[in-house]
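Fold and contact review
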Amino acid sequence: MAEHILLRHRDIPDIDQLDVYLKHGGFEALRQTVTGKTPAEVIDIVKASGLRGRGGAGFPAGVKWSFLAPNVFPRYVVVNADESEPGTFKDRELMERNPYQFLEGVALCAYAAQANEAYIYCRGEFWDLAHRLEERIAELEERGLLGRNLFGSPYSLKVVVHLGAGAYICGEETALLESLEGKLGQPRLRPPFPAAKGLYGKPTVVNNVETLTNLPPILSRGADWYRTIGTAQSPGPKVFCLSGHVNNPGNYELPLGTTFRTLIFEHGGGIPGGRAIKAILPAGASAPLLRATDEILDTPMDYESLPKVGSMLGSASVIIMDETVDIAWVAWKTTRFFKHESCGKCTPCREGTYWMLHLIDRLHAGGAVEADISLLEAVARGMQNKCLCPLGEFSVMPVLSGIERFRPDFAAHLGNGR
Amino acid sequence: MLKDTHSSEIEAILARYPADQKRSAAMPLLYLAEQAYGYLTPAALQEVASLVGASPTQVGSLVGFYTLYHDQPGGKVRMQICVDLPCALRGAETMAETVCANLGIRLGETTPDGAVTVEGVMCLAGCDKAPMFQSQDERGIHYHENQTIESAMAWIEQTRRGGSDG
Amino acid sequence: MSDGLVHLTFDGNPVAVPPGTLIVDAAKRAGVDIPVFCYHPKMEPVGMCRMCLVEIGRPTKDRATGELVRDAEGRPVLQYGPKLETACTTPVGEGWDVRVQSEKAIEGRREIVEFLLTSHPLDCPVCDKGGECPLQNLTMAHGPGRSRFLYDDKIHLDKRVPLGELIFLDRERCIQCARCIRFQEEIVGDPVIGFFERGRQLEIVTFSDPGFDSIFSGNTTDICPVGALTTADFRFGARPWEMNAAASICPHCPVGCNLTLNTRREARTQGREVIKRVMPRQNEAVNEIWICDKGRFAHHFATSDQRLTKPLVRRNGQLEETDWETALDAAAVGLRAAGVAVVGIGGVRASNEDLFLLRSLVDKLGGHAWLDRSLGGGDVVQAVGPGAGTRLADLKAGDAVLVIASDLHQEAPVWYLALRQAAQRGATLVLANARPTKLDGEARFLLQYAYGREMETLKGLLQGATGKASGKVDRSEAVAAAGKALAEAANLLVFYGGDGLTADASTALANACGQLLETTGHVGKPNNGLVAVGPAGNWQGAWDMGLRPHPGGVAAALKGAGAVYVVASSPAEDDPAAAEALDGAGFVIVQELFRTATAGRADVVFPAQSFVEREGTYTSGLRRVQRFYPAVPPLKEARPDWQILAEVGRRLGQTFDPASPAEVMEAIRREAPGYADVTYPALARVDEQWPVVGGPDLYFGGTSYDNRQGLGVSLLSGAESGGRLEAQAPKAASAIAGEGMLLVPVERLYDRGATVLPSDTLRHRLASARLELSPSDASRLGIQSGQTVEVRWDGRVERLPADVVDGCPAGAALLPRSVGIALIEPVRVEIRAAG
Ligand SMILES: Cc1cc2nc3c(=O)[nH]c(=O)nc-3n(C[C@H](O)[C@H](O)[C@H](O)COP(=O)(O)O)c2cc1C
Ligand code: SF4
Ligand code: FES
């Protein structure tokens, strides 16, 4: 078994204790960086590593940092620990079990961004985790590993944990910033992007927990080493969240470019009861459904390969459905989710998710006719490319791909109308 | 008044944010008020609003938007079972239905003795340990994973008896 | 191109607009309609409703060379994005083509309309907005013939949710565009309404007490693009197309908001035309497209059934109804008998024409006409500005405004809005008051003085600005820094009011402000000069017509009067001494709307027409003369004040016998300072205004009316004609020096005066006769909030409930004006807990 770079607690179970983390080289990367590298050098290294954002969009982290509005201060780093995509549970494990590596990553990012304040925005449900993180931050401040004048340098960093309160949309970075400012979590218009105008109108870096947890190993081992893992376009390790109909659900840290087959059968132990695999949602509810054909099972999971087969990698929350699953029911589940989570700011998402759910409800109630499936498709198409933020755009993906790739499942519900 | 009973917590919360951005403290203070009063009364909204220099309407809006704030009293503890897709694939709906049937209530309702409100909620990031639920009460929010109908019922019984494993 | 403009095309038609212009606005300027719901030209774009979708083609650049790619004919090749884009959030770009009418764009917008209609009840036939609703229009134009959303599946929501007692919400009709919420937050700064819930459940709520606690709430019903928000006043009152529209000017405060009065004939009034609603009329130099709730809801006084409808004369000690001839003759006889001992008292509610005629009539009799209200300094305003063409909406970073001794939020609400926004655009706001006011939060410099010491602050500012000041000067650093900022401002406007000032003190303050402006060079040009925050609508006009307050007050003016001629004023209400003086006067004539305490003391009472029945002009605080027009027929026998005066004059053999207010204006032009160009036709002139509102599309600005009846004439100040302020020796010691607590009358927007009280709509919000005390005084005097106290002065005793209010200055007790307790000026009083 290869060494874990992110889920390091799988190799060193008590790495969630500071002394253990320090014994294994913890905070060396931060010390060397703060005392020996300029922020610009850090950005260059991260750019060179090819590290891409693990929150879903896969945007190169170093490139994003280089967009920070020059010479505008204060700046902020905001960590996206909202982890609310159905089927995603990797950030939680990282923060619970390998917390110091994550916090060291936060500090490295803040140093690169020249920010003296970092906010970790945890979804409200991570109550216990957030309080534990606060204790760890206090501990680090006591030990001089966070706080004022790190390692005797002029650089100071305050890290604050902020709890959300139940709203998936707050994972979208601008809604998150609104929420952090004490407002409704409704997305802002972009541009301006957070790097130009973010928290409190100041230049802000928003990164995902897993993205930042990659930083200590990149800074200590170098960009070239990092690129030996994964693919050329999608370097590095990735934590894949495997859930649904598999024998061993859980997080698996594997190089980007690992195939579905390897993840599901080698690591996940295959499908319970020896049943056949039917469908895969590779990115939670927010990407098109895939038919689990051999071609798909052999597709490498990375940022380039999945769009080629009609889906997306997103946060790599791989939900498996076996042959017993009715895809019309899956569409109902995902649509119910999006209707519940639509912030209501823009018309197509607010009304469209409601309308789609309404039509799918009717389908399940046996009151739908053939034309209702077409109408469902038309409503979904009508929403496409018109929403203010990606949530609304995501919401139609399982529906449209479901109808396109699993139409018989929908047709099976047709009744005689009303 | 929170100002009298929780002054050090309030100060600590306000200190987390820049002095001119007190509104950021609204959400943590709402949690504080919810824990102190059980749910968010109009008076509590006024209090939080004046602490952060926002209008009561601005603070009240948050209560409507975010699902973990409640402006109506519920059971002593809220049992929030994840019934979203990944958990549903692993039996969460059956568990939620059975728990409710055992309690004689429907999802979203409170037991007649006021002990527990059972709710179905969206993904809680515990999909690999499904079925699972979280409990929300005056002590905060806690996860209960790898559940069975039996373990969930046992937890409810324990809660009813006044003890809870938190 | 080098004209500094951005060139683009709409469906191929070329337009040039300044850089930064949003595509929607550029389209509007070019006469192209792009439908919008959430976008409002007065607010930041939010891109929420997605109604304004268009296709945008941008010139393509060669990646390698950075050069524009051109086709065979040398035209740049445009690339249209795969997505429709929101025109309301996208600024224009050079060489772009915007496809508004392409199939793709039309289809996209049709889909948005269809989405909106899934929630909407389509109850246009019974909707207050029916006939002036953009959603209704769009549904006709874009919408599908038959909704694919089954009507029976619509969720039904509450159609009558009170957001307080003034504004009602119909949840079914709301399309969640947030215009109302954003208006309250961005423009007013009162975030008292907000969204609750999320997604399809979003609804508008208020948590304020009283509900929707804002004096600008009515504007949200104008800008609501559907019929979701309605006023208690107008809800189900009438259908828009059944109503007539008359142009008017709000008479309540110095802003002079332009209004449209919507009227309709009604059975309940025996077919008489009645006012159904008051709407803002666009005047970007005055009120833009806003009005306050007083202007909107207090109009009921004009049509109140308490109005006087017939002339009255005193017979055997009783006022009895009579005919006009008898009353006019009686007035003439009484005046003639008094000889030269005639005193005129004019009120600030009267029009320029009325006040001009009163003054000239009394002058010609050898008497003297005075203004009833005590604020001084109208002559200083004439001399030093505001300069012609002043527009508060033009103030920006680099400009400065000083507000002293005034609570603009309560005294001139729409100026409050304008200055708040000016401050947000970066203008420097200096506030100097004796008590906190709502504008404080916007001030760059917030200077507080103790009542009676305003001149020290002003001299401190002068010291900071010019390095010169004499006498008692506030030399604190903040004041000096503020003074410096004022001196350095590109443009400077000074607003002074009369809060806590005696008549003399306000005169002295006005002069000192004038000096500050003159010495810093801030006179004689637009957006510079002095503005008085006068009481009611035509205080400045009254000064311009040659009236001014008597230095000793109304009572002193009336001393020894053989005859008194009162127009639109009731000094007996405000001032016991004046009441006594009236009782002692030989003969009293009163022109009034109501049977006031003054009318009750008269020998002849003429029923006057209110501003809604007649025409005339008011001069606003920014010295803009504006015309109002008749909206409803006169109430029974009531006549306009100018006409009554003319008829009385004719009986006295006076030669000037005007037949119309326009003719009076011809006379005014020759006498009043700066009025040379003011004619009725000039007052009716209009210009193109931005944003374009009131067009048939209704997208912009909601249902506020465009201005087709005149923008008025902005007067030249004395300074613009090379005049200089005459140096005045400031009066010595303030009259309010002395021992004891200072009882200060304060202006409240919703007072209980005759022009507010008759409005049932506002009754829950009216100020009442309660005293405000500071916590320190209250504890010293052993007074609890809510307790009744005794206030004694000049032999008077008033028993009032007291409220302990944070921020009320120590040593002062504040009492609203016009709530039933006569008090004109601050006085020293003794206060104790009532036994
Ligand atoms: C509806 C929606 C939900 C999202 N939820 C999350 C989330 O829970 N966690 C996260 O890290 N990013 C989430 N994102 C992505 C963020 O907007 C943002 O791209 C990310 O935090 C950037 O960090 P990264 O570059 O490190 O991935 C979400 C985006 C959308 C549109
Ligand atoms: S797409 Fe949905 S979540 Fe995003 S802004 Fe629109 S309503 Fe809100
Ligand atoms: S999105 Fe442009 S007008 Fe609403």
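A brief report on the enclosed structure follows.

Parameters and conventions
Residues numbered from 1 in each chain as written. Chains lettered and ligands numbered in written order. Predicted model: local features only at pLDDT ≥ 70, side-chain atom pairs only at ≥ 80, totals over all residues. Heavy atoms only, no water. Helix = DSSP H or I, 4+ residues; strand = E, 2+ residues; numbered from the N terminus. Expected span 1.5 Å × (residues − 1). Buried < 20%, exposed > 50% of the residue type's maximum accessible area, 1.4 Å probe, protein only. Pairing = 2+ DSSP bridges. Core = buried A, V, L, I, M, F, W, Y, C linked by side-chain atoms within 4.5 Å. Axes fitted to C-alpha atoms, helices over the stretch in contact; angles between N-to-C directions. Contact = heavy atoms within 4.5 Å. Buried area = accessible area lost by both parts, 1.4 Å probe. Salt bridge = Lys/Arg side-chain N within 4 Å of Asp/Glu carboxyl O. Nonpolar A, V, L, I, M, F, W, Y, C, P; charged D, E, K, R; others polar. Near = heavy atom within 4 Å. Polar contact = N/O pair within 3.5 Å; in protein donor to acceptor, adjacent residues only side chain to side chain. Areas by Shrake-Rupley, 256 points an atom, 1.4 Å probe, with all protein chains shown as cover.

1. What about helix α8 (residues 352-364) of chain C?
All names here are of chain C.
- Taking 1.5 Å of rise per residue, the 13 residues of α8 would be expected to cover 18 Å, and the 18 Å separating its terminal C-alpha atoms lies within 8% of that figure.
- Within α8, 11 of the 13 residues are buried, which leaves it mostly tucked inside the rest of the structure.
- Asn352, Glu353, Asp354, Leu355, Phe356, Leu357, Leu358, Arg359, Ser360, Leu361 and Val362 are the residues of α8 that are buried.
- Looking at the residues trailing α8, positive phi occurs at Gly366, about 95°.

2. Remarks on the pairing of strand β3 (residues 158-163) of chain A
All names here are of chain A.
- Counting buried positions over the six residues of β3 gives five, a clear majority of the element.
- Relative to β3, strand β2 (residues 117-122) runs parallel, the two sharing six bridges. Its bridge partner lying in β3, Tyr119 is registered against Val160.

3. Examining the nonpolar core
- Ile120 and Cys122 of chain A, Tyr66 of chain B together with Trp415 and Phe495 of chain C are the most contacted members of the largest nonpolar core, which has 238 residues in total.
- Counting 100 residues, the second-largest nonpolar core is a separate cluster that includes Val381, Phe445, Met455 and Leu547 of chain C.

4. As for the sheet that holds strand β32 (residues 788-793) of chain C
All names here are of chain C.
- Around the barrel, six strands lie side by side as β30-β34-β31-β33-β32-β35; this closed barrel has mixed pairing. Direction aside, the axes of adjacent strands within the sheet are offset by 45° on average.
- In terms of strand pairing, strand β31 (residues 771-773) meets strand β34 (residues 812-816) through two bridges, oriented antiparallel. Across the sheet, the residue bridging to Leu773 is Ala813, located in β34.

5. Re the interface of chain A and chain B
- At the interface, 62 residues of chain A touch 40 residues of chain B.
- Here chain A packs against chain B, burying approximately 4000 Å² in sum over the two surfaces, 60% of which is carbon and sulfur.
- Summed over the shared surface of chain A and chain B, the result is three salt bridges.
- A salt bridge links Glu145 of chain B to Arg92 of chain A, with the shortest nitrogen-to-oxygen separation between them at 2.7 Å.
- Elements with a contribution of two residues or more to the side of chain A that touches chain B: β2, α7 (127-142), β3, α8 (173-180), β5 (237-244), β6 (250-255), β9 (317-322) and α15 (327-341) of chain A.
- Broken down by element, the side of chain A that touches chain B gets its largest block of residues, nine residues, from α15 of chain A.
- Looking at side-chain class alone, the side of chain A that touches chain B contains 30 nonpolar, 18 polar and 14 charged residues.

6. Some details on the site of ligand 1
All names here are of chain A.
- Around ligand 1 sit 19 residues, and of these Gly55, Asn80, Asn207, Asn208 and Thr211 come closest.
- Here Gly55 contributes a backbone N or O atom positioned 2.6 Å from an oxygen atom of ligand 1.
- Protein coverage of the free-state accessible area of ligand 1, which is 600 Å², stands at 91%.
- Secondary structure elements with two or more residues in the shell around ligand 1: β4 (204-208) and α18 (390-405).
- Considering only residue class, the shell around ligand 1 consists of five nonpolar, eight polar and six charged.

7. Comments concerning the interface of chain B and chain C
- On the chain C side, the residues contacting the 14 residues of chain B number 13 residues.
- Together, the buried faces of chain B and chain C total about 950 Å²; carbon and sulfur atoms form 57% of this surface.
- When the buried area of chain B at its contact with chain C is split by residue, Thr57, Gly64 and Phe65 of chain B rank highest and sum to 45% of it.
- For the interface between chain B and chain C, the tally reads zero salt bridges.
- The tally of links from chain B across to chain C stands at five residue pairs in polar contact (both at pLDDT 80 or more).
- If you list the elements that add at least two residues to the side of chain B that touches chain C, you get α4 (42-52) and α5 (56-65) of chain B.
- A total of eight residues in the side of chain B that touches chain C trace back to one element, the largest contributor, which is α5 of chain B.

8. Points about the site of ligand 2
- Taken together, 13 residues are adjacent to ligand 2, and Cys343, Cys346, Cys349, Cys389 and Gly392 of chain A come closest.
- When the residues that make up the shell around ligand 2 are grouped by side-chain class, the tally is nine nonpolar, three polar and one charged.

9. Overview of unusual backbone geometry
- The omega torsion across Phe73 of chain A and Pro74 of chain A is -5°, close enough to zero to call that bond cis.
- With respect to the helices, strands and loops of the structure, Pro74 of chain A is situated in the loop between α4 (61-66) and β1 (76-81).
- With an omega of 0°, the peptide bond between Trp690 of chain C and Pro691 of chain C qualifies as cis.
- Take Pro691 of chain C: it is sitting in the loop between α21 (680-683) and β29 (713-714).
- In the Ramachandran plot, Tyr200 of chain A falls in the positive-phi region, its phi being about 55° despite a non-glycine side chain.
- Residue position: Tyr200 of chain A is located in the loop between α8 and β4.
- What makes Tyr200 of chain A buried here is its relative accessible area of 13%.
- Residue Gln176 of chain C is not a glycine yet carries a positive backbone phi of 55°.
- Tracing the chain through its elements places Gln176 of chain C in the loop between β8 (167-169) and α4 (179-188).

10. Notes on the sheet that holds strand β24 (residues 563-567) of chain C
Residues and elements named next belong to chain C.
- One open sheet holds the seven strands; their spatial order is β16-β15-β26-β25-β24-β17-β18, and the pairing between them is mixed. Whereas interior strands pair on both sides, the edge strands pair on one side only; in this sheet they are β16 (318-321) and β18 (368-371). Neighbour to neighbour, the strand axes of the sheet diverge by 20° on average, direction disregarded.
- Bridging between strand β25 (residues 587-592) and strand β26 (residues 604-607) involves four bridges; their strand directions are parallel.

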